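# Overview (structure and organization)
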Amino acid sequence: PGGTWANATDLSDKLQCLACPKGSSCSTGSVAPTPCAPGSVAASAGSAECTACAGGSYRAEPNGTACEACLRGSYCPPASSAPLPCPGGTWANATDLTTAFECTLTEAGFWSPLGAETP
């Protein structure tokens, strides 16, 4: 069943299958766990599918069990594998932005480079 795997062909019962480990998914009929791709996670063992990181968070490495909060000066759309920097002329002090439109415009008389945390 989904969430389990086995690489043997002579199994007689589904209870002989192994639980899929954290950070991996196992669809029905899996012969090996599939590591979750960057931008997705499996927080617990026995997952049939990896779950995409929510907007405002990211996962850079494969085999993830938890997403990380986006970085200041950046935004993270859903399923992000890396924070994306706020464009020049904007800034962000929050860690939960999901689009570049949420970055704050820099006021006249100030300057904000790419990925700025403050104006």
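In what follows, the structure referred to is the one given above.
Being a predicted model, the structure only gives us computed values, none of them experimental. (Residues numbered from 1 in each chain as written. Predicted model: local features only at pLDDT ≥ 70, side-chain atom pairs only at ≥ 80, totals over all residues. Heavy atoms only, no water.)

### What to know about the overall build of the protein chain
- Of regular secondary structure, the protein chain possesses zero helices and 12 strands.
- Taken from the N to the C terminus, the helices and strands of the protein chain come in the order β-β-β-β-β-β-β-β-β-β-β-β.
- Reported as C-alpha extents along the three principal axes, the dimensions of the protein chain are approximately 75 × 15 × 15 Å.
- Looking at the protein chain as a whole, 30% of its 119 residues are labelled buried.
- Counting only contacts in the protein chain whose residues sit at least 6 apart along the sequence, the fraction spanning at least 24 positions is 35%.
- Of the roughly 6800 Å² of accessible surface on the protein chain, 57% is carried by carbon and sulfur atoms. (Helix = DSSP H or I, 4+ residues; strand = E, 2+ residues; numbered from the N terminus. Buried < 20%, exposed > 50% of the residue type's maximum accessible area, 1.4 Å probe, protein only. Contact = heavy atoms within 4.5 Å. Areas by Shrake-Rupley, 256 points an atom, 1.4 Å probe, with all protein chains shown as cover.)

### Considerations on the environment of Cys 76
- Secondary-structure assignment places Cys 76 in the loop between β9 (74–75) and β10 (84–85).
- Along the sequence, Cys 76 and Asn 93 sit 17 residues apart, while their C-alpha atoms lie 14 Å from each other.
- The contacts of Cys 76, once residues within four sequence positions are left out, are Gly 55, Gly 56, Ser 57, Tyr 58, Cys 70, Pro 83, Leu 97 and Thr 98.

### Re unusual backbone geometry
- Although it is not a glycine, Asn 63 sits at a positive phi angle of roughly 65 degrees.
- For Asn 63, the location among the structural elements is in the loop between β7 (57–58) and β8 (68–69).
- Even without glycine at this site, Ala 79 takes up a positive phi of about 65 degrees.
- Mapped onto the secondary structure, Ala 79 falls in the loop between β9 and β10.
- Owing to a relative accessible area of 42%, Ala 79 belongs among the partly exposed residues under this scheme.

### Comments concerning the side chain of Ser 74
- The topology assignment puts Ser 74 in strand β9.
- Ser 74 gets classed as buried once you look at its relative accessible area, which sits at 9%.
- Excluding its chain neighbours within four sequence positions, the residues that come into contact with Ser 74 are Pro 83, Leu 84, Pro 85, Cys 86, Ala 92 and Leu 97.

### A word on the environment of Asn 63
- For Asn 63, a relative accessible area of 41% puts it in the partly exposed group.
- Sequence separation of Asn 63 and Pro 85 is 22 residues, and the distance between their C-alpha atoms is 24 Å.
- In contact with Asn 63, other than residues within four places in its own chain, are Gly 23, Ser 24, Pro 35 and Cys 36.

None of this, on its own, says anything about what the molecule does.
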